[in-house]
Amino acid sequence: MPPLNPLRPADEFPAGASDPPDAIGRRDFLRLAGASAALAGLSGCGPPAKTLAPYVVQPESIIPGKAAYYATAMPWEGYARGLVAEAHEGRPTKLEGNPEAAESLGATDAQTQASVLSLYDPDRSRSPRRGGFPASWDAFEAEWGARRQALAAKGGAGLALLAEPTTSPTFRREMRRLLERLPRARWYQHTALARYDRNGRQADAAVGEADLIFAIGSDFLISHPAALRYARDFARRRRSRGGARANRLYVAEAALTVTGSMADHRLPILPGRLAALLAAIDGGETAGLPAAEREFASRLRADLARHGGRALCLAGPEQEGHVQEWAAKCNARSGSARLAWDGPALRSDADPGSAGGLRELAGALEAGEVSDLVILGCNPVYTGAPGADFAERLADAAFTVHLGSYADETGVLCGWHLPESHYLEAWGDLLGYGGQALIQQPLIDPLYSSRSAAEMVRFLADGMAAPGYDLVRETWRAAAGKDFEGRWAGWLNRGVVDDGTRLPAPPVSAAGGRPEQAAPAGGGLTLLFRPDPNLGDGRWSNNAWLQELPRPFTTLVWDNAACLSPDLAGRLGVREGDVIELSCGGRRISAPVALARGQADGCVVVHFGGGRTAAGGVGNGRGFDAYRLRPGEGVWRAEGLEIRPTGAWQRLVFTQHHFAMDGRDLARWTEPGGRAAPAEPDRGSLFPPWPRPGHAWAMSIDLASCIGCNACVAACQAENNIPVVGPEEAFRGREMHWIRIARYFEGEGSGLRVAALPLPCMHCENAPCELVCPVGATVHSSEGLNQMIYNRCVGTRYCSNNCPYKVRRFNFFDYRAPADSPVHLQQNPNVTVRQRGVMEKCTYCVQRIDEARIAAEVAGRALRDGDIRTACQQACPAEAIVFGDLADPQSAVSRRKREEGDYGLLTDLNTRPRTTYLPKLSNPAPLA
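Residues numbered from 1 in each chain as written. Predicted model: local features only at pLDDT ≥ 70, side-chain atom pairs only at ≥ 80, totals over all residues. Heavy atoms only, no water.

Regarding its fold elements, the protein presents 24 helices and 37 strands. Of all 928 residues assigned to the protein, the portion counted as buried reaches 58%. Within the protein, counting contacts between residues at least 6 apart in sequence, those at least 24 apart form 73% of the total. Accessible surface computed for the protein: about 36,500 Å², of which carbon and sulfur atoms make up 53%. (Helix = DSSP H or I, 4+ residues; strand = E, 2+ residues; numbered from the N terminus. Buried < 20%, exposed > 50% of the residue type's maximum accessible area, 1.4 Å probe, protein only. Contact = heavy atoms within 4.5 Å. Areas by Shrake-Rupley, 256 points an atom, 1.4 Å probe, with all protein chains shown as cover.)

Under the criterion given, the structure shown has 28 aromatic pairs. Ring centres of Trp137 and Phe140 lie 6.1 Å apart, and the angle between their planes is 85°; this geometry places the pair in the edge-to-face category. Within this pair, Trp137 and its partner Phe140 are both found in helix α3 (residues 137-153), separated by three residues, close to a single helical turn. When sorted by exposure, Trp137 lands in the same class as Phe140, which is buried. Where Phe608 meets Trp636, the ring centres are 6.2 Å apart and the plane angle is 45°; that geometry is what we call tilted. (Phe/Tyr/Trp six-rings, centres within 6.5 Å; stacked < 30°, edge-to-face > 60°.)

What follows deals with the nonpolar core. Among the nonpolar cores identified, the biggest contains 92 residues, and Leu424, Trp697, Leu757, Leu759, Leu905 and Tyr917 are the most heavily contacted of them. Filtering out sequence-adjacent residues up to four positions away, Tyr917 remains in contact with Ile701, Leu703, Leu757, Pro758, Leu759, Pro760, Met762, Gly901, Asp902, Tyr903 and Leu905. Counting residues in each nonpolar core, the second largest holds 36 residues, with Val207, Val251, Met262 and Leu314 among its members. (Core = buried A, V, L, I, M, F, W, Y, C linked by side-chain atoms within 4.5 Å.)

A separate point is the sheet that holds strand β35 (residues 881-885). The pairing of strands in a sheet comes from backbone hydrogen bonds and takes either a parallel or an antiparallel form. Here we have three strands laid out as an open sheet, ordered β35-β28-β36, and mixed in their pairing. One side of each edge strand has no neighbouring strand; the edge strands of this open sheet are β35 and β36 (915-918). Neighbour to neighbour, the strand axes of the sheet diverge by 25° on average, direction disregarded. Strand direction decides the pairing type here: strand β28 (residues 697-702) and β35, joined by five bridges, are antiparallel. Of the residues in β35, the one forming a bridge with Ser700 is Val882. (Pairing = 2+ DSSP bridges. Axes fitted to C-alpha atoms, helices over the stretch in contact; angles between N-to-C directions.)

Looking now at the confidence of the model for the protein. Considering every residue of the protein, the mean pLDDT works out to 85; 86% of them sit at 70 or more. Every residue in residues 1-52 scores below 50 in pLDDT, and together they form 56 contacts with partners more than four places removed in sequence or on other chains. Under a pLDDT of 50 for its full length, residues 505-516 has, in the predicted model, 30 contacts with residues more than four places off or in other chains. (pLDDT = per-residue confidence, 0-100.)

Time to look at the pairing of strand β23 (residues 587-595). Summarising the sheet, strand β21 (residues 562-564) and β23 pair through three bridges and their orientation is parallel. When the sheet's bridge partners are listed, Leu564 is paired in β23 with Leu595. Linkage of strand β22 (residues 578-584) to β23, two consecutive antiparallel strands, is achieved through a turn of two residues, within which Gly585 is found at a positive phi near 60°.

On the secondary structure map, Pro926 appears in the segment after β37 (920-921). Overall, the relative accessible area of 46% leaves Pro926 in the partly exposed class. With 623 residues separating them in the primary sequence, Pro926 and Asp303 have C-alpha atoms 8.8 Å apart. Those residues in contact with Pro926 that lie beyond four places of it in its chain are Arg248, Arg299 and Arg306.

Okay, the pattern of salt bridges next. Using the criterion set out here, one finds 55 salt bridges in the structure. Between Asp462 and Arg181 there is a salt bridge, and its shortest N-O distance comes to 3.4 Å. With Asp462 in helix α13 (residues 453-462) and Arg181 in helix α4 (residues 169-181), this residue pair connects regions lying 281 residues apart in the sequence. The class for Asp462 is partly exposed, based on a relative accessible area of 21%. The exposure class assigned to Arg181 is partly exposed, which follows from its relative accessible area of 46%. We note a salt bridge from Asp303 to Arg306, for which the minimum N-O separation is 2.8 Å. Of this pair, Asp303 and Arg306 both sit in helix α8 (residues 291-307), three residues apart, which is roughly one turn of that helix. What makes Arg306 partly exposed here is its relative accessible area of 45%. (Salt bridge = Lys/Arg side-chain N within 4 Å of Asp/Glu carboxyl O.)

Quick look at the state of the cysteines now. Counting across every chain of the model gives zero disulfides. Here Cys709 is not cross-linked by a disulfide; its sulfur's nearest cysteine counterpart is in Cys876, at 6.1 Å. (Disulfide = S-S within 2.5 Å.)

Attention now moves to unusual backbone geometry. For Lys806, which is not glycine, the phi dihedral falls at a positive 55°. At Leu906, a residue that is not glycine, the phi angle is positive and equals roughly 50°. Among the secondary structure elements, Leu906 is positioned in the loop between α24 (892-897) and β36.

Right, let's talk about the packing of helix α14 (residues 468-480) against helix α15 (residues 484-494) for a bit. Orientation of α14 relative to α15, taken along the N-to-C sense of each, is 120°, at an axis distance of 10 Å. Judged by the inter-axis angle, α14 sits oblique to α15. Of the two elements, α14 crosses α15, and the hand of that crossing is right-handed. In contact with Tyr469, Val472, Arg473, Trp476, Arg477 and Ala480 of α14, α15 contributes Phe484, Glu485, Arg487, Trp488 and Trp491. Of the residues belonging to the contact of α14 with α15, the class tally is seven nonpolar, no polar and four charged. (Parallel < 35°, antiparallel > 145°, perpendicular 65-115°, else oblique. Left-handed = near helix turned anticlockwise from the far one by under 90°. Nonpolar A, V, L, I, M, F, W, Y, C, P; charged D, E, K, R; others polar.)

Checked against the element boundaries, Pro693 lands in the loop between β27 (669-670) and β28. When the C-alpha atoms of Pro693 and Ser782 are compared, they prove to be 7.1 Å apart, with 89 residues separating the residues in sequence.

The next subject is the sheet that holds strand β11 (residues 265-268). Pairing in this open sheet of four strands is parallel, and the strands run β11-β10-β9-β12 from one edge to the other. Each edge of the open sheet is held by one strand with a lone partner, namely β11 and β12 (311-315). Recorded for the sheet is a direction-independent mean angle of 10° between the axes of neighbouring strands. Note: strand β10 (residues 248-253) against β11, four bridges, orientation parallel. Among the inter-strand pairings, Ala252 is bridged to a residue of β11, identified as Leu267. Contacting β9 (212-216) and β12, helix α9 (residues 321-333) crosses the sheet at an angle of about 170° to β12.

Note that Thr555 resides in the loop between α16 (544-548) and β20 (556-557). Here the side chain of Thr555 touches Gln656 through a polar contact of 3.2 Å, landing on its backbone nitrogen. Setting aside anything within four residues of it in sequence, one finds Thr555 in contact with Pro550, Val653, Phe654, Thr655, Gln656 and Phe659. (Polar contact = N/O pair within 3.5 Å; in protein donor to acceptor, adjacent residues only side chain to side chain.)

Axis angle and axis distance: for two packed helices, these are the angle between their axes and the distance between the axes, and together they describe the pair. Close contact between helix α7 (residues 274-283) and α9 brings their axes to 11 Å; oriented N to C, the two are set at 15°. Considering their axes alone, α7 and α9 lie roughly parallel with respect to each other. In the crossing of α7 with α9, the sense of the turn from one axis to the other is left-handed. Only His322, Val323, Trp326 and Arg333 of α9 make contact with α7, whose side of the interface consists of Leu274, Ala275, Leu278, Ile281 and Asp282. Among the residues making up the contact of α7 with α9, the classes are represented as six nonpolar, one polar and two charged.

Attention now goes to the side chain of Thr108. Assignment of secondary structure puts Thr108 in the loop between β3 (91-97) and α2 (110-119). Among the polar contacts listed, one links the side chain of Thr108 to the side chain of Gln113, at a separation of 2.7 Å. Apart from the residues lying within four places of it in its own chain, the contact partners of Thr108 are Leu83, Leu95, Glu96, Gly97, Gln113, Leu228, Ala711, Ala875 and Pro877.

This is the structure we're talking about:
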């Protein structure tokens, strides 16, 4: 990407702003003004750099400013996330969950929301490269044709293919087809995460049916292929404040996770202590345990006995084999095995020619068994452990090809780098975690000269290209039987394949094996490896939205850090930002320190995704490369870590610096059947009430449901054209998110309580911002919206100074991308793109209100409850956010606000916010 915030004086103002008045003639002025007006309804991003040509005859199917919607699917760690993509004039702009898809249920996560930005990333590969120089597909096809003939003569001996594990029926069919034609070729699979068991599966579970859940290092609410479904099922039980149906969550983990923050009983514990804890839960002998572990084990043992077949145990896929086996036995012993079962296989180790993982491929390269290597969609030079070894092995192959979205660390070392299509511009198919099949439908032709992985495999096999559309139809024509065309149209409309159409399940081998954990070493600290909450294994490193999205709990942006508990940092004599050297097993790196509340003492957590050298524009040079410390593929912890302070210091950028409520009840807790805080009395007002002739828009946020996953923040950014400001401006406190999630902590250790508090604009009845604006730029509508009139704003920022909630954002600079950047194609044409010098804030998605109002008027009916869903509400997997009309006493938001415990923030200031909250639920087990 181009620089996010080029603060060079020459670029501070838009082009032409400093020209003298007579620098442009009348004819040129009228031409530019006409072009600007023509574009205003399309992108609102200023005059274009190139000539505009209008439609001679406008297509009937395209109405400027009116969105079209298409069902599709996004790959997520090899599985499907069902989506509905919004397109304007043929360009995808926004993603929502597909209500028909069992794994999304209409919701999304932050990575899904941000993935649309990656489609328009200027740093994406645009054409093939050979040896680092521009080339063409024709040149590659000609060279591969000669290589293929030589390989075919040997039955494919010497050909190796490396790809990420996937559930795509079409890709797996094409790979098996290639291996039938070239039977001596080998298919290897690699993923940095490897979050599955030795059968290539993770456990699936009926989270909504469990009265008690025990999570052992399992962050199932956010980092699981079925996380959206789990979060919804879990949250619906948490809203049972009466107590009869409220579930209870126990969590034992080393570092605080989103799931751990929702726990009723949470135990920070080192992985090496889990065996003793689980033995105590089994046998009831707790005498040798520390006090916190003893209390946790005793409560849980008694609770498991009370709940019988309605108790569920989930072990994280990063946990060692004995922990996963204990969880399975616990479910079987308590009679709750029906609540947990194997999900669909991700690995395909039993497929013909499948030959293992990266370790086996590196061995084959070193032994001279591979002459031709094709890498499809993965980056083993970066994600391998350690990556430098595989970089050296690449030189052992005579012919190397890399298909990827970027010329990344692997692509720059391969003889050929070929552009891979984004999932929004390629046909495909995937299985959801529950086995449901989804069709990946493109919304746009490939922006650049790219191909999908399935198309690439077909070409490698036949020497002739075939469209992905034909490949997917081939797969499902055989499965559908009669009336394929009619059923195909229905599948594309819904995005999912009906339950009556099933493909034969591929065989699964128990010999494939989950990579073994590193053998514990004596002494030292424990080092834990985790994917970055936003960047994953590093594939999203060049996505600016995710770089600037605050990480849960630390609120760190644009960097990664070594996370230490405050107690451990105190013993080492280091503070936040101090650079330390981490050494383990002969490997060492330097990393800055971040303090992590709720983390077990004696361990250090490092996250993947940093230290990129070929990620693109914004991803390069951010943070450190944690893969350099990883002992091997699939290893999630290492013992014997040593730390040495270096005396250096590095500035880290956080968006929140104070996490205590200091006696204020910003976040409130309640228990099932407990009494909530009494409603505050009406304090009266010096100002007359606003008239309510019609609608009265309002929002309610249930803290018992909110898991703090950041999906609402990313969705708001995608919907409202919110810019990225970059690390320097974020350091100055100038981040632009219209909704933020504040984190608050109470207590310590096993008594720690965590609250996630989403903060949009409160849309106050007595809005203090409106009183101080000297130009009337922030005004109150008759429907209760606190509105911004951008062309009135002169940037005094009095409104921000007077806002007690600090939810107003001022764009100090022109943060828009250059005029010729493809990033403009993502922008929502129904939301103004703001230039510098104006105040921005949450508008309750007023454009969606107007769109629903117009649709209702055209249909000749009144607005109904549910017609309007704000971007944050629609994305939320936990259904924590409800928006609607307070003037309708039967609306969902009216019913929520009548619930006991509904409260507003800082109501002692008499601002009368339209956004209110319900308290967080705590459901502790009764004492034995």
